[in-house]
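Structural characterization, general
Letter by letter, the chains look like this.
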Amino acid sequence: MHSFHYSQGSLHCENVSLSDLATEHGTPLYVYSAETFRDRYTRLDSAFAGIDHEVAYAVKANSNLSVLRLLVSLGSGFDIVSGGELYRVIKAGGDPSKCTFAGVGKTRAEIEYALKEGIYSINVESEEEAAFVSKVAVEMDLTAPIAFRVNPNVDAKTHKYISTGKSENKFGIDFEFIAGAYERAAKLPNLQLKGLQMHIGSQLTSVDPFLEAVEKVTPLAEDLKEKYGIEFFSIGGGIGIVYEQALASGKESWWTDQSEEDRPLTPEKYAATIIPSLEGLGLKILLEPGRFIAGNAGVLLTECLYEKKGSTKTFKIVDSGMHHLIRPALYQGHHEIVPLAEPDGNTESVDVVGPICESGDFFCQNRTLPSFMPGETIALMSAGAYGMVMATTYNSHPLPAEILVDGDQVKLVRKRQTFDDLVEAEEV
Ligand SMILES: *Cc1c(COP(=O)(O)O)cnc(C)c1O
């Protein structure tokens, strides 16, 4: 299922023409499809229907309040990594008792806030943090539910900046130290050892590392259940999505979904592969997908301002860049780029670059794209996750607006920033 397609010569999100949205709301503009969010959530949730489980959407992937609201309405739980994200979830009507709190550097204020709101679990990433949570809980005169994050030392085979489950990464507690960590934490006051957590990386495109990690950690989970009565095992997020579409000839093929069988990783394959190792545990299995839910649900629209022909390259200069979508600059992220007007088959090899004074400010380099000219608007596909949430005002460009489309309904879910917004918190 894909909610972005050409219809009557122009790219649509569900029933809405993206050119119409660009004309009305201007560019740069993020546009999200409610249908895709629903589809991804439901598919993953259904794939695990056979076992006790909960989908806890990783808020950091896309934390717009309306996106969170949509997920609340589907029954989602949430994986948060800061007090600010918990605040957003509560604002959106979410229930803190369906939230887990991850991250290596939680502050006292964040821990107090999470405990006061009745968080489901604080997923601690060091013994020092467990001791600190215990201390805060004693002071607050309540019991803090915690889980340790185990680092299973498994190679996720993804970009090194988004790999988190190797012993050289800062995340979690080394597999060989984890039993001792539980033993010591069990002696600390005001802690409930509620679960076990892991997350080995992001944008995994094969099920093998997941299976390797699950098989390695499941006996530990079993042991911890027996010893301390833990009730959940979170297997993290990381399910990859398809960013790169096969570029076959013929204009229908510009934006077609890769066929299901060709995909290395689908929610169904993921579930079918790991459920056999998990179903006998008798623990609630938590899933923490971010990118899988949000990635394909959004596009970034940007207008081409200039074409500059250099001696070796053609640059298409657009009105958005690394300040709005940093994935290409940060970890060589790939986004398909298509014009809103249906391509006629002509192509060009180009660099698509933004206005920012950094050589890293590009969306693609030396890529063959359907031809487009200044004045035309293009779409960066699959920009729904780790897009707007990482946007900055670097070079003092106001942040883009965000739109949520649902069928033929259009909702402006974040206003475009103004110059006044840019300087609002500052003083002369
Ligand atoms: C980032 C993160 C996720 C989500 O990762 P995706 O690759 O977006 O699915 C899940 N769990 C934890 C602890 C994370 O830090």
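Described in the following lines is the structure provided in the data block. (Residues numbered from 1 in each chain as written. Predicted model: local features only at pLDDT ≥ 70, side-chain atom pairs only at ≥ 80, totals over all residues. Heavy atoms only, no water.)

1. What about the overall build of the protein?
- Assigned secondary structure in the protein consists of 12 helices and 21 strands.
- Relative to the 2.2 N^0.38 estimate, which gives 22 Å for 428 residues, the radius of gyration of the protein is 23 Å and therefore close to what a compact globule would have.
- With respect to the principal axes defined by its C-alpha atoms, the protein has extents near 65 × 60 × 45 Å.
- For the protein, the proportion of its 428 residues judged to be buried stands at 56%.
- Intrachain contacts of the protein at a sequence separation of at least 6 include 70% that bridge at least 24 residues.
- Counting every atom, the protein has about 17900 Å² of accessible surface; 49% of that belongs to carbon and sulfur.
- If the 38 positive side-chain charges of the protein are averaged to one point and the 60 negative ones to another, these points end up 3 Å apart. (Helix = DSSP H or I, 4+ residues; strand = E, 2+ residues; numbered from the N terminus. Rg over C-alpha atoms; globule rule 2.2 N^0.38 Å. Buried < 20%, exposed > 50% of the residue type's maximum accessible area, 1.4 Å probe, protein only. Contact = heavy atoms within 4.5 Å. Areas by Shrake-Rupley, 256 points an atom, 1.4 Å probe, with all protein chains shown as cover. Lys, Arg positive; Asp, Glu negative; His and termini not counted. Charge placed at Lys NZ, Arg CZ, Asp CG, Glu CD.)

2. Points about the site of the ligand
- Taken together, 15 residues sit near the ligand, with K60, S202, E288, R291 and Y386 positioned nearest.
- Between the ligand and K60 there is a distance of 2.7 Å, counted from an oxygen atom to a side-chain nitrogen or oxygen.
- Within the contact set of the ligand, a nitrogen atom lies 2.6 Å away from a side-chain nitrogen or oxygen of E288.
- Relative to its free-state accessible area of 390 Å², the ligand is covered by the protein chains to the extent of 94%.
- A class-by-class count of the residues in the shell around the ligand yields 4 nonpolar, 6 polar and 5 charged. (Near = heavy atom within 4 Å. Polar contact = N/O pair within 3.5 Å; in protein donor to acceptor, adjacent residues only side chain to side chain. Nonpolar A, V, L, I, M, F, W, Y, C, P; charged D, E, K, R; others polar.)

3. Some points on the nonpolar core
- Ranked by size, the top nonpolar core spans 102 residues in total, and within it F233 and Y270 carry the most contacts.
- Of the residues forming this core, the biggest block, 7 residues, is contributed by helix α8 (residues 208–228).
- Two domains each provide a minimum of three residues to this core, namely domain 1 (4–9 + 296–423) and domain 2 (34–292).
- Apart from the residues lying within four places of it in its own chain, the contact partners of F233 are L196, M198, V217, T218, A221, L278, L281, L283, K284, I285 and L286.
- L301, V338, M381 and A401 belong to the second-largest nonpolar core, a separate cluster that totals 19 residues. (Core = buried A, V, L, I, M, F, W, Y, C linked by side-chain atoms within 4.5 Å. Domains from an automatic or database assignment.)

4. Some points on the sheet that holds strand β1 (residues 4–7)
- Judged by pairing direction, the sheet is antiparallel, and its 3 strands sit side by side in the order β1-β2-β3 without closing on themselves. Each of the sheet's edge strands pairs with one partner strand only, and the pair in question is β1 and β3 (16–17).
- For strand β2 (residues 10–13) and β3, the ladder comprises 2 bridges, and the chain directions are antiparallel. Directly across from H12, in β3, lies its bridge partner S17. (Pairing = 2+ DSSP bridges.)

5. Here's the deal with the packing of helix α2 (residues 34–47) against helix α3 (residues 65–74)
- Across the interface, α2 lies against α3 with an axial gap of 11 Å and an inter-helix angle of 40°. Relative to α3, the element α2 is oriented oblique. Here α2 runs over α3; the crossing is right-handed. Judged by residue contacts, A34, F37, R38 and Y41 of α2 engage V67, L70, L71 and L74 from α3.
- In terms of residue class, the contact of α2 with α3 is built from 7 nonpolar, no polar and 1 charged. (Axes fitted to C-alpha atoms, helices over the stretch in contact; angles between N-to-C directions. Parallel < 35°, antiparallel > 145°, perpendicular 65-115°, else oblique. Left-handed = near helix turned anticlockwise from the far one by under 90°.)

6. Concerning the side chain of Q203
- If you trace the backbone, Q203 turns up in the loop between β11 (191–197) and α8.
- By relative accessible area, Q203 is classed as buried at 14%.
- In this structure the side chain of Q203 is engaged in a polar contact, spanning 3.0 Å, whose partner is the backbone nitrogen of I241.
- Look past the residues within four positions of Q203 in its chain and what remains in contact with it is T158, I162, G238, G240, I241, Y243 and R291.

7. Focus: the packing of aromatic side chains
- Under the definition given, this model contains 8 aromatic pairs.
- A centroid spacing of 4.9 Å and a plane angle of 65° characterise the contact between F148 and Y182, whose relative ring orientation is edge-to-face. Taken as a pair, F148 in strand β9 (residues 144–151) and Y182 in helix α7 (residues 178–185) lie far apart in primary sequence, 34 residues in all.
- What makes F148 buried here is its relative accessible area of 1%.
- You can call Y182 buried: its relative accessible area is 0%.
- A ring pair is formed by Y182 and Y228, whose centres lie 6.0 Å apart and whose planes are at 25°; its orientation type is stacked. (Phe/Tyr/Trp six-rings, centres within 6.5 Å; stacked < 30°, edge-to-face > 60°.)

8. Observations concerning the pairing of strand β14 (residues 298–309)
- Note: strand β4 (residues 29–33) against β14, 4 bridges, orientation antiparallel. Across the sheet, residue Y32 finds its bridge partner in β14, namely G298.
- Here β14 pairs with strand β19 (residues 377–380) via 4 bridges, running antiparallel. For L301, the partnering residue across the bridge sits in β19 and is A379.
- Where β14 and strand β15 (residues 314–318) come together, 5 bridges link them in antiparallel fashion.

9. Focus on α3
- Residues S66, V67, L68, L70 and L71 constitute the buried set of α3.
- Between the side-chain oxygen at the start of α3 and the backbone nitrogen of S66 there is a gap of 2.8 Å, and the oxygen is on N64.
- The first or second residue beyond α3 is G75, which carries a positive phi of 95°.

10. Regarding a negative patch on the surface
- A surface patch of like charges, here negative, comprises D155, E168, D208, E212 and E215.
- Topologically, D208 is positioned in helix α8.
- On the basis of relative accessibility, which here comes to 53%, the residue D208 falls in the exposed class. (Patch = residues over 30% accessible without salt bridge, like charges linked within 9 Å, V, L, I, M, F, W, Y side chains within 5 Å. Salt bridge = Lys/Arg side-chain N within 4 Å of Asp/Glu carboxyl O.)

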